[in-house]
Amino acid sequence: GAVDSGAPSATVDLTQKIEELQKDNADVFKIPDYFVYMSRAFATLEGIGLSADPDYAILSECFPYLAKRLLSDDSPRARGALRTLLYGTGDELNLEKLSDVATGFESYTVSTSSVASSRGDSDVG
C-alpha cells in the first residue's frame, strides 16, 4: 500500500473507492487493470510525498502537464474535458479555473523549455 504518513491523501481515498467500486460491481462492469495499477502507483507516490510535506498532492504536481494536454490536444475527448473543467455543468466560464489552466500551461512550458535548452534541444525545425 501507500506510505502512511498520517496526512490525508485524496489519491489514496480515490484509489480505495475505485477498488471498492470494482469489487462491488464486478458483475456489471470492469475497471481496466491499468487504471487500477496507475491509481495505486499515484497513491504510493503521493504517500511518499506526504511523508516529507503534509500539503503534498501529486495531482497538483501533474496539473501543468494536464493543462498543456488540454490546451494542445484537438481531440473531441480533450475538448470536452477542457470545457467541463472551465464551465462545469453550466454555461458560465469559471475564471479561477481558466487562470489555473493558464498558470499550469505556463509552468509546463517554462519547465520543459529550460530542460530542453540545458540539453541543447530546440522546438525549431
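Residues numbered from 1 in each chain as written. Predicted model: local features only at pLDDT ≥ 70, side-chain atom pairs only at ≥ 80, totals over all residues. Heavy atoms only, no water.

**Section: a nonpolar patch on the surface**
A surface patch of nonpolar side chains, about 270 Å² in accessible area, is lined by Leu21, Val28 and Phe29. Along the chain, the position of phenylalanine 29 falls in the loop between helix H1 (10–24) and helix H2 (33–52). Among the residues examined, phenylalanine 29 registers a relative accessible area of 34% and is labelled partly exposed. (Patch = residues over 30% accessible without salt bridge, like charges linked within 9 Å, V, L, I, M, F, W, Y side chains within 5 Å. Areas by Shrake-Rupley, 256 points an atom, 1.4 Å probe, with all protein chains shown as cover. Salt bridge = Lys/Arg side-chain N within 4 Å of Asp/Glu carboxyl O. Helix = DSSP H or I, 4+ residues; strand = E, 2+ residues; numbered from the N terminus. Buried < 20%, exposed > 50% of the residue type's maximum accessible area, 1.4 Å probe, protein only.)

**Regarding the nonpolar core**
Ranked by size, the top nonpolar core spans five residues in total: Ala67, Leu70, Leu82, Leu86 and Val101. Counting only elements with at least two residues in this core, the list comes to helix H3 (58–72) and helix H4 (76–87). Sequence-distant contacts of leucine 86, defined by excluding residues within four places in its chain, comprise Glu92, Leu93, Asn94, Lys97, Leu98 and Val101. (Core = buried A, V, L, I, M, F, W, Y, C linked by side-chain atoms within 4.5 Å. Contact = heavy atoms within 4.5 Å.)

**Brief notes about the packing of aromatic side chains**
Applying the stated criterion across every chain yields a total of one aromatic pair. Taking NZ or CZ as reference, arginine 83 lies 4.6 Å from the ring centre of tyrosine 87, over its face. (Phe/Tyr/Trp six-rings, centres within 6.5 Å; stacked < 30°, edge-to-face > 60°. Lys NZ or Arg CZ within 6 Å of the ring centre and 35° of its normal.)

**Topic: the confidence of the model for the protein chain**
As a general rule, the predicted coordinates of low-pLDDT regions are not to be interpreted in detail. Here the protein chain averages 85 in pLDDT, while 90% of its residues score no lower than 70. For residues 1–5, every residue scores under 50 in pLDDT, and the model assigns this stretch nine contacts once sequence neighbours within four places are set aside. (pLDDT = per-residue confidence, 0-100.)

**Topic: the layout of surface pockets**
Here the largest pocket defines a volume of roughly 880 Å³. Lining the largest pocket are 20 residues, with Phe35, Met38, Phe42, Leu59 and Leu66 sitting closest to its centre. Top element by residues in the lining of the largest pocket is H3. It accounts for seven residues. Considered class by class, the residues forming the lining of the largest pocket number 14 nonpolar, three polar and three charged. (1 Å grid on protein atoms, 1.4 Å probe; cavity = no way out; pocket = protein on both sides within 12 Å on 5 of 7 lines; lining within 4 Å. Points joined across faces, edges and corners; volume = space filled by probe spheres on them. Nonpolar A, V, L, I, M, F, W, Y, C, P; charged D, E, K, R; others polar.)

**Digging into H4**
At 3.6 residues per turn, the α-helix brings residues three or four places apart onto the same side. With twelve residues, H4 extends 16 Å between its outermost C-alpha atoms, agreeing within 8% with the 16 Å of an ideal straight helix rising 1.5 Å per residue. Within H4 the residues assigned to the buried category are Ala78, Leu82 and Leu86. Looking down the long axis of H4, one finds its buried residues gathered within 60 degrees of arc, a one-sided arrangement. Facing away from the buried surface of H4 by more than 90 degrees, the exposed residues are Pro76, Arg77 and Thr84. Against the buried residues of H4 lie H3 and helix H5 (95–119). (Expected span 1.5 Å × (residues − 1). Arc of directions from axis to C-beta.)

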